Each structure stands twice: as C-alpha cells, then as structure tokens.
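Structural features, examined
The chain contents come next:
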Amino acid sequence: MSKANITGVHKEVIEGMINEALSKAAESMGKMLKIRMSPDLIDYGEGRLHGIREFDNLGRFRVNLMKVAFKGEITGAFYFIINTPEMELINKVCLPSEVASSRSSEDKMMRHDFMTEIENLIASQSIAALSEFLGVQLLGEVPLVRIIKGELVNDYLENENDQLKTKFYVKSNLNGIAVNISPYFCLLYTSDAADDSLRV
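Structure report, in brief. (Residues numbered from 1 in each chain as written. Predicted model: local features only at pLDDT ≥ 70, side-chain atom pairs only at ≥ 80, totals over all residues. Heavy atoms only, no water.)

1. Overview of the nonpolar core
In terms of nonpolar packing, the biggest core is built from 42 residues, with I18, M29, I90 and L174 touching the most fellow members. A per-element tally of this core places helix α1 (residues 11-33) first, with nine residues. If we skip the residues at most four places from it in the chain, I90 touches M29, L33, I82, L95, F114, M115, I118 and I181. Counting 17 residues, the second-largest nonpolar core is a separate cluster that includes A69, A77, Y169 and C186. (Core = buried A, V, L, I, M, F, W, Y, C linked by side-chain atoms within 4.5 Å. Buried < 20%, exposed > 50% of the residue type's maximum accessible area, 1.4 Å probe, protein only. Helix = DSSP H or I, 4+ residues; strand = E, 2+ residues; numbered from the N terminus. Contact = heavy atoms within 4.5 Å.)

Here it is in structure tokens:
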C-alpha cells in the first residue's frame, strides 16, 4: 500500500472516507443484484493511479468501463470496470434466462440498461457518501459508458490521469460473496479543496 507516500495526511481520516464510499458502493451493488458484496481496498495514495496489471492480461477481451465525474469543492471521477464474463454471470443470476441468453437487440438493450442502472446507483451512492463524510457539496455528472478491449484500459486510465491532473487515487474491488465477480472500482480526485479535510 502506498500510505508511505502520504506526507502529513491523517490516515485514519482518509481510510474512513474511502471505506465509507466503498461500503456504499458494495451495499448498492448488493441490493441491485440481491447478493452479498464485500469491498476490498487494494491501494490508495497521493499522485497518479498506476496501471492495473489484470487488464493487460485480458488482451482483446472486452470490458465495460463507466466513468462518473463529479464537481464541487472537490473535483474528480469514479470508474467502475467489469469484464464480459462477470457481466454475463450477473445477467444469468439476476435476469430471466430468456433475457440473459437471448441475442435479440431488445434483450441486449435490456441487459445493457440493467448494468447501467447498477453502475449509476453505485456511483451516486459513493458520491453521496464522499460528500457527507467531507461535509462538502458534490454534483455527479452524466455517466459515460465505454466498451473497450481489456488491454486498452490502462492506456485509458493513464490518459485520465493526464486530463484530470490526478492528486489522489483509490483502487479497489467489489467482491461477490458466493458469486464469482470482482469488478474494479476506482476514484481519482484532482483539487486542493479536500486537502484541509484530509490533513491533520
């Protein structure tokens, strides 16, 4: 963990903030899927989000990547990244079998809308938790969803680091209990406005 890179920052406050947001994300996803979810904080720290090696190993395998930017006294974005087999498993568990396996355009759209609804709820609850914990008003923007090759995810995140001028990052998994899914859930924030809340 990159806690050692955080100079002068109250780690308990930071971890409290992160865990609150992750707990809300896991709770929201669990309610939508009607399964238990457990958040797993992998890494956090000042500076840029480093690459996620697992995505390089996916090669041309596609993933669903949703970005929800937020603005206010803090600016930044949440990223929800889930691979195709995990999406198919969610569809199989949560949707009628005729919808989950159908190749019709209507059913494909239904599966897409279902996943988008899950992602939107996760992001909105996490933004609300972050806002409440820090005592600031944050407004989420319209979600942006991309279907891209796994091998391109780290290039995308690297570009996001450049565009946002990332000052702090969080990398985590949301793990299914008894259901083998563990999508990535990441946060980048960019402004100085949160520093007073996070520093001793």
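Moving on from the coordinates now.
2. Some points on the layout of surface pockets
As a volume, the largest pocket reaches approximately 270 Å³. Every residue lining the largest pocket is listed: R62, V63, N64, T84, M87, E88, N91, K108, R111, H112, M115 and I147. Mapped onto the lining of the largest pocket, the elements with two or more residues apiece are β2 (62-72), α3 (84-94) and α5 (105-134). Class assignment of the residues belonging to the lining of the largest pocket gives a composition of four nonpolar, four polar and four charged. (1 Å grid on protein atoms, 1.4 Å probe; cavity = no way out; pocket = protein on both sides within 12 Å on 5 of 7 lines; lining within 4 Å. Points joined across faces, edges and corners; volume = space filled by probe spheres on them. Nonpolar A, V, L, I, M, F, W, Y, C, P; charged D, E, K, R; others polar.)

3. As for α5
Taking 1.5 Å as the rise per residue, α5 with 30 residues should run 44 Å; its terminal C-alpha atoms sit 43 Å apart, in good agreement. Looking one or two residues past α5, G135 carries a phi angle of roughly 70°, positive in sign. (Expected span 1.5 Å × (residues − 1).)

4. A word on the environment of M37
On the secondary structure map, M37 appears in strand β1 (residues 37-46). We classify M37 as buried; its relative accessible area is 12%. In the structure, M37 is positioned 142 residues away from V179 in sequence and 8.9 Å away in space, judged by C-alpha atoms. What M37 contacts, discounting residues up to four positions off in sequence, is A26, M29, G30, L174, N175, G176, I177 and I181.

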